[in-house]
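Examining the three-dimensional arrangement
For reference, the chains in residue letters:
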Amino acid sequence: MKSTSRFQIGDSANTEDKEKWEKWLGRFSDLIQLKETFTVELDDPLAHCFVTPLEDNPADDKRLKVVEYERTPEQDLEFGITQMRMSEELMEQEQKKTEKEELATID
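Presented here is a report on the structure given in the accompanying data block. Everything numeric here is computed off the predicted structure, so don't read it as measured data.

Scanning the protein chain for helices and strands turns up four helices and zero strands. N-terminal to C-terminal, the α/β element order of the protein chain is α-α-α-α. Buried positions account for 12% of the 107 residues belonging to the protein chain. Total accessible area on the protein chain stands at roughly 10200 Å², and carbon and sulfur atoms take up 53% of it.

If you want it as structure tokens, here you go:
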């Protein structure tokens, strides 16, 4: 972080910002070294994450908690899911219309 955040931590930073960053980096270092306990919460509305359980059976890993939830309408819109659903509905409507037209020509 120090190499990519020069303006926040380097010579250009004001003293107050520098102190905040140094404090945060110190705490982050403690977490990496497992000096403090912490919780990692992955909010993954597209279900792209996978965390390997430490036990053979994921249900036996008491440190791992899986919570499933419904995406919000805003997330569906952001990820294009709303558009995909609308597209699927339009395709289904077109298919039904075509089937009706085919049945009408058979009669």
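Past the structure itself, the notes keep going.
Our next topic: a negative patch on the surface. A surface patch of like charges, here negative, comprises Glu 94, Glu 99, Glu 101 and Glu 102. Its place among the elements puts Glu 102 in helix α4 (residues 81-106). A relative accessible area of 46% means that Glu 102 is categorised as partly exposed.

This part is about the side chain of Asp 76. Following the sequence through the fold, Asp 76 ends up in helix α3 (residues 73-78). What makes Asp 76 buried here is its relative accessible area of 7%. When neighbours within four sequence positions are excluded, Asp 76 is seen to be in contact with Arg 71, Ile 81, Thr 82, Gln 83 and Arg 85.

Rules of the game
- Residues numbered from 1 in each chain as written.
- Predicted model: local features only at pLDDT ≥ 70, side-chain atom pairs only at ≥ 80, totals over all residues.
- Heavy atoms only, no water.
- Helix = DSSP H or I, 4+ residues; strand = E, 2+ residues; numbered from the N terminus.
- Buried < 20%, exposed > 50% of the residue type's maximum accessible area, 1.4 Å probe, protein only.
- Areas by Shrake-Rupley, 256 points an atom, 1.4 Å probe, with all protein chains shown as cover.
- Patch = residues over 30% accessible without salt bridge, like charges linked within 9 Å, V, L, I, M, F, W, Y side chains within 5 Å.
- Salt bridge = Lys/Arg side-chain N within 4 Å of Asp/Glu carboxyl O.
- Lys, Arg positive; Asp, Glu negative; His and termini not counted.
- Charge placed at Lys NZ, Arg CZ, Asp CG, Glu CD.
- Contact = heavy atoms within 4.5 Å.

Keep in mind these numbers describe shape, not what the thing actually does.
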